[in-house]
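# Results of the structural survey
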Amino acid sequence: MFDLDRFIRENIKNLIPYASARSEHSRKDEVFLDANENSMGDFSTMVEGFHPGMNRYPDPFQKVLKEKISGVKGVPTGNIFIGNGSDEAIDLIFRIFCSPGKDRVIICPPTYGMYEVIANINDVRVCKVNLDSRFQPDSKTIMESIDGQTKLIFLCSPNNPSGNLVNREIINRLAASFNGILVVDEAYIDFSGEKSLVEDLYSRPNVIILQTLSKAWAMAGLRIGMAFASKPIIDLFNKVKPPYNISTASQIMAIKALNNVGIKNQWLRTILIERDRLSCELSRISYVIRIYPSDANYILVRFSDHNQVYKALLENKIVVRDRSSYPGCEGCLRITIGTREENDRVLETLKRF
Ligand SMILES: *Cc1c(COP(=O)(O)O)cnc(C)c1O
């Protein structure tokens, strides 16, 4: 039996959280003299067309936004945490479960660089078990690498930068056998042909699923990331998070934007068409060695001379991501799918080169 209590850092278990003024009383009360806000003025009156009430602190638990997300994702509100980007959720996971200088996390390169950076910021030792040649986790080596201090395993599916989904059986097997917290980052799941694992896994006692509004939902500027997990884990996030971590402006705009599932799906269709077209055109270029199949909104491409290609693109003011230093990604650039015009510009530059 998985015993969550054993995995919570001692100081977090004993923490008396900050009780914010707004978590104790509701909006229905009328005279708010509890939070040292400015009752005289409202910043929003200075910005045309902006929602009133900007002189007040935001809802610390983002009730309405969570109801909206719950409707879209099919997960109860009590199993949702909203962070200032998924990066905040990742940071909180380290702070809740890992004692600095003592505990360990397993990550599987090549993968999202922030897992290691945030581990380092929190002084948590990083154990790297590289993905295999097909960019799948090596579950045998992962299991052998787990020791008494291994509190977390991070998997990213679809994986950034390789673009592939992680084999579901491997995720399910790790979820069932790892006595620790398995984090599955689904930042790009909307671009994939497969269903999210969130509905299957959110109620497992040792699994956290991460998603974001930054990619498919086109809200990177609002900074809204989501963690889906069992109620006891969500309670820990709420205990540790800064009280007002999501601004009123972000909450209001995300609530409105989430009504437009149809528009998001239209964008998705266009992105997938462009992904196929770009892959297909790239495959005709002689110095393209390999195009990795993608379930995300980018493609990883191996070139015979990626440095020259990178430079040629830059000279045409096109910025892509050089991932050639990542294991298994020698000679590779990661290209985000742009608009049709932007993708054409990439292709023209490469064909001329
Ligand atoms: C972009 C990205 C995120 C970050 O999302 P934010 O919500 O914008 O912080 C998380 N995980 C992966 C793998 C990403 O590529």
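Residues numbered from 1 in each chain as written. Predicted model: local features only at pLDDT ≥ 70, side-chain atom pairs only at ≥ 80, totals over all residues. Heavy atoms only, no water.

### Section: the site of the ligand
This is how it is decided: Near is defined per residue: the residue qualifies when any heavy atom it owns lies within 4 Å of the molecule or strand. Whenever a nitrogen or oxygen atom comes within 3.5 Å of another N or O atom, the pair is scored as a polar contact, on the condition that within protein one atom can donate a hydrogen and the other can accept it, and that pairs from neighbouring residues in sequence are kept only if both atoms are in side chains. Surface exposure here means Shrake-Rupley accessible area, sampled with a 1.4 Å probe, where a residue is shielded only by the protein chains that are shown. Following the grouping adopted for this structure description, the nonpolar residues are Ala, Val, Leu, Ile, Met, Phe, Trp, Tyr, Cys and Pro, the charged ones are Asp, Glu, Lys and Arg, and the polar ones are all others, Gly among them.
Residues in contact with the ligand amount to 13 residues; listed here are only the nearest, Asp185, Tyr188, Thr212, Ser214 and Lys215. In the environment of the ligand, an oxygen atom lies 3.3 Å from a nitrogen or oxygen atom belonging to the backbone of Asp87. For the ligand, an oxygen atom lies 2.9 Å from a polar atom in the side chain of Asn160. In the complex, 93% of the free accessible area of the ligand, which totals 390 Å², lies under the protein chains. Of the residues contributing to the shell around the ligand, the split by class is four nonpolar, five polar and four charged.

### A closer look at helix α4 (residues 86-97)
One full turn of an α-helix is made of 3.6 residues, so residues set three or four places apart face in the same direction. Here is the rule: Here a helix means four or more residues in a row that DSSP labels H or I, a strand means two or more in a row labelled E, and each is numbered from the N terminus. Here a helix's expected span is defined as the number of its residues, less one, multiplied by 1.5 Å. The cut-offs for exposure are 20% and 50% of the maximum accessible area for each residue type, with area from a 1.4 Å probe on protein chains only; residues under the lower value are buried, those over the upper are exposed, and the others partly exposed.
For α4, built from twelve residues, the straight-helix expectation of 16 Å at 1.5 Å per residue is met to within 8% by its first-to-last C-alpha distance of 17 Å. Among the twelve residues of α4, ten are classified as buried, and the element is accordingly described as predominantly covered. Those residues of α4 not exposed but buried are Ser86, Glu88, Ala89, Ile90, Asp91, Leu92, Ile93, Phe94, Ile96 and Phe97.

### Focus on empty space enclosed by the protein
Note the threshold: Any residue with an atom within 4 Å of a point lines the site, the site being either a cavity, points on a 1 Å grid over the protein atoms alone where a 1.4 Å probe fits but cannot get out, or a pocket, an open set with protein on both sides within 12 Å along at least 5 of 7 lines. Grid points are joined across faces, edges and corners, and a volume is the space filled by probe spheres set on the points.
With the rule as written, the count across this model stands at one cavity of 30 Å³ or more. The computed volume of the largest cavity comes to approximately 30 Å³. Along the lines of polarity and charge, the residues of the lining of the largest cavity split into six nonpolar, two polar and no charged.

### Notes on the layout of surface pockets
In this structure, the second largest pocket spans a volume of roughly 270 Å³. What lines the second largest pocket is a set of 15 residues, among which Val72, Lys73, Asp190, Ser196 and Lys264 lie closest to the centre. Elements with a contribution of two residues or more to the lining of the second largest pocket: α3 (63-73), α8 (198-201) and α11 (261-282). Element by element, the count of residues in the lining of the second largest pocket is highest for α11, at three residues. Of the residues that constitute the lining of the second largest pocket, the class distribution is six nonpolar, three polar and six charged.

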